[in-house]
Amino acid sequence: MNEQALSPQDQRKLQAAQAAADYVATRIDNKSIVGVGTGSTTNFFIDALAELASKFDACVASSVASAERLEGHGIRVLDLNAVDEVTVYVDGADEVDKHNNLIKGGGGALTREKIVAASAREFVCIVDESKLVDLLGEFPLPVEVIPMARGLVARALRDMGGIPELRTDFTTDNGNIILDVRGMTVTDPKGLEAAINNLVGVVCCGVFSEQKPQRVYIAGADGVILRD
């Protein structure tokens, strides 16, 4: 890949992805299962992971798109139900606070991402510095909802202080809809995650506090730093 042809932000995404790939190389053996998330930064990680394909057994992917990209590199992709444990899971984020709580789901794969994260021995997040925030919530919070519960859940989210908006012309890989919720400053990520997930009709919300990463690689103008 010609790094000079990339935009400055994409160069940073690539640098974070390569740092994660270098770390993953120290954690895997020929029986390892690598979990792979979804999104533009993760795509760079998938491309870097192809160089390690002979060093691990297979991958599990959080989306159809990621599975197809992995298979395009000749990497075997398994259903999560076919494996006992994911050695390490690597994914990006839409926002990261100073305690490594995340908002994810801009690509719509939040539920599968959270499932793979919960199945992994270790979760590694890769971002460029534009994703760092003091408080989560400037990025609209994605909530995956069963279609018949759209109105019920939207009213409950408004009661919680949010402004939900249906993501148009979009269906998740699970066959559900996404409500993107604006106006929620997340001062208690774990509490908000539990409260939204407990709403009837919600499949999953995009706050990752229970499944937050153990390691975050952050790429900026001065290189990549690790926060753990």
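Above this text sits the structure in question.
Read on for a plain summary of the structure.

Each value, and the rule that gives it
- In this numbering scheme, every chain counts its residues from 1 along its sequence in written order.
- Reporting of local features is limited, given that this is a predicted model, to residues whose pLDDT is at least 70; pairs of side-chain atoms are given and counted only at 80 or more, and all residues count toward the totals for whole chains, interfaces and linings.
- Side-chain figures throughout are based on the complete set of non-hydrogen atoms in the structure, without hydrogens or water.
- Numbered from the N terminus, helices here are DSSP runs of H or I no shorter than four residues, and strands are runs of E no shorter than two.
- Here the globule rule reads 2.2 Å times residues to the power 0.38, and the radius of gyration is calculated from C-alpha atoms.
- Note on exposure labels: buried denotes an accessible area under 20% of the residue type's maximum, exposed denotes more than 50%, and partly exposed covers the range between, all computed with a 1.4 Å probe on protein chains only.
- We get accessible surface area from the Shrake-Rupley algorithm with a probe of 1.4 Å; when it comes to residues, only the shown protein chains can shield them.
- None of His or the chain ends enter the tally, which takes Lys and Arg as positive and Asp and Glu as negative.
- Taken as the charge centre is NZ of Lys, CZ of Arg, CG of Asp or CD of Glu, depending on the residue.
- Each salt bridge in this description consists of a side-chain nitrogen of Lys or Arg and a carboxyl oxygen of Asp or Glu lying within 4 Å of one another.
- The rule for pairing is simple: two strands pair if DSSP sees at least two bridges between them.
- Helix axes are fitted only over the stretch in contact, all axes being lines through C-alpha atoms; the angle between N-to-C directions runs from 0 to 180 degrees.
- Contact definition: two residues touch when any of their heavy atoms are within 4.5 Å.
- Only buried Ala, Val, Leu, Ile, Met, Phe, Trp, Tyr and Cys residues count toward a nonpolar core, and they belong to the same one when joined by side-chain atoms within 4.5 Å.

### Here's the deal with the overall build of the chain
Working step 1: Along the backbone of the chain there are six helices and 13 strands.
Working step 2: Relative to its length of 228 residues, the chain is compact, with a C-alpha radius of gyration of 17 Å against a globular reference of 17 Å.
Working step 3: Across the 228 residues of the chain, 52% fall into the buried class.
Working step 4: Surface accessibility of the chain: about 10,600 Å² in total, with carbon and sulfur atoms responsible for 46%.
Working step 5: Across the chain, the centroid of the 22 positively charged side chains sits 2 Å from that of the 33 negatively charged ones.

### Quick notes on the pattern of salt bridges
Working step 1: For the structure shown, the criterion picks out 10 salt bridges.
Working step 2: Across the salt bridge formed by Lys-13 and Asp-10, the nearest N and O atoms sit 3.9 Å from each other. Placement of both Lys-13 and Asp-10 in helix α1 (residues 8-25) is noted, with a separation of three residues, approximately one turn of the helix.
Working step 3: Taking the relative accessible area as the measure of exposure, Asp-10 reaches 25% and is therefore partly exposed.
Working step 4: Between Asp-57 and Arg-76 there is a salt bridge, and its shortest N-O distance comes to 2.5 Å. Here Arg-76 lies in the loop between α3 (64-72) and β3 (88-91) and Asp-57 lies in the loop between α2 (40-49) and β2 (58-61), a separation of 19 residues in the sequence.

### Regarding the sheet that holds strand β6 (residues 123-128)
Working step 1: The strand order β2-β1-β3-β6-β12-β13 describes an open sheet built from six strands, whose pairing is mixed. Where the open sheet ends on each side, the last strands, each with one partner, are β2 and β13 (223-227). For this sheet, the mean inter-axis angle between neighbouring strands, taken without regard to orientation, is 20°.
Working step 2: Pairing of strand β12 (residues 215-220) with β13, which is carried by five bridges, proceeds in the antiparallel orientation. Residue pairing across strands places Val-216 opposite Arg-227, the latter belonging to β13.
Working step 3: Contacts from α1 reach β1 (33-36), β3, β6, β12 and β13, with the element oriented near 145° to β12.

### So, the pairing of strand β7 (residues 141-145)
Moving residue by residue along a regular strand, the side chains alternate between the two faces of the sheet.
Working step 1: Within β7, five of the five residues are buried, which leaves the element mostly enclosed by the surrounding structure.
Working step 2: Of the two faces of β7, the one holding Leu-141, Val-143 and Val-145 and the one holding Pro-142 and Glu-144 are both buried throughout.
Working step 3: Sheet analysis places β7 next to strand β9 (residues 177-182), joined by five bridges and oriented antiparallel. Bridging from a neighbouring strand, Val-143 pairs with Leu-179 of β9.

### Some remarks on the sheet that holds strand β11 (residues 207-208)
Working step 1: Spatially, β4-β5-β11 is the arrangement adopted by the three strands of the open sheet, whose pairing is antiparallel. Two strands bound the open sheet, and with one partner strand each, they are β4 (95-96) and β11.
Working step 2: Across two bridges, β4 lies against strand β5 (residues 102-103) in antiparallel orientation. Within the sheet, the bridge partner assigned to Val-96 lies in β5 and is Leu-102.

### Here we look at the nonpolar core
Working step 1: Counting 30 residues, the largest nonpolar core has Val-34, Phe-45 and Leu-49 as its most contacted members.
Working step 2: Elements supplying a minimum of two residues to this core: α1, β1, α2, β2, α3, β3, β6 and β12.
Working step 3: The leading source of residues in this core is α1, at eight residues.
Working step 4: Setting aside anything within four residues of it in sequence, one finds Phe-45 in contact with Ala-17, Ala-20, Ala-21, Val-24, Val-34, Val-36, Val-90 and Ile-126.
Working step 5: Formed by 21 residues, the second largest nonpolar core is a distinct cluster that contains Ile-177, Leu-179, Val-186 and Val-202.

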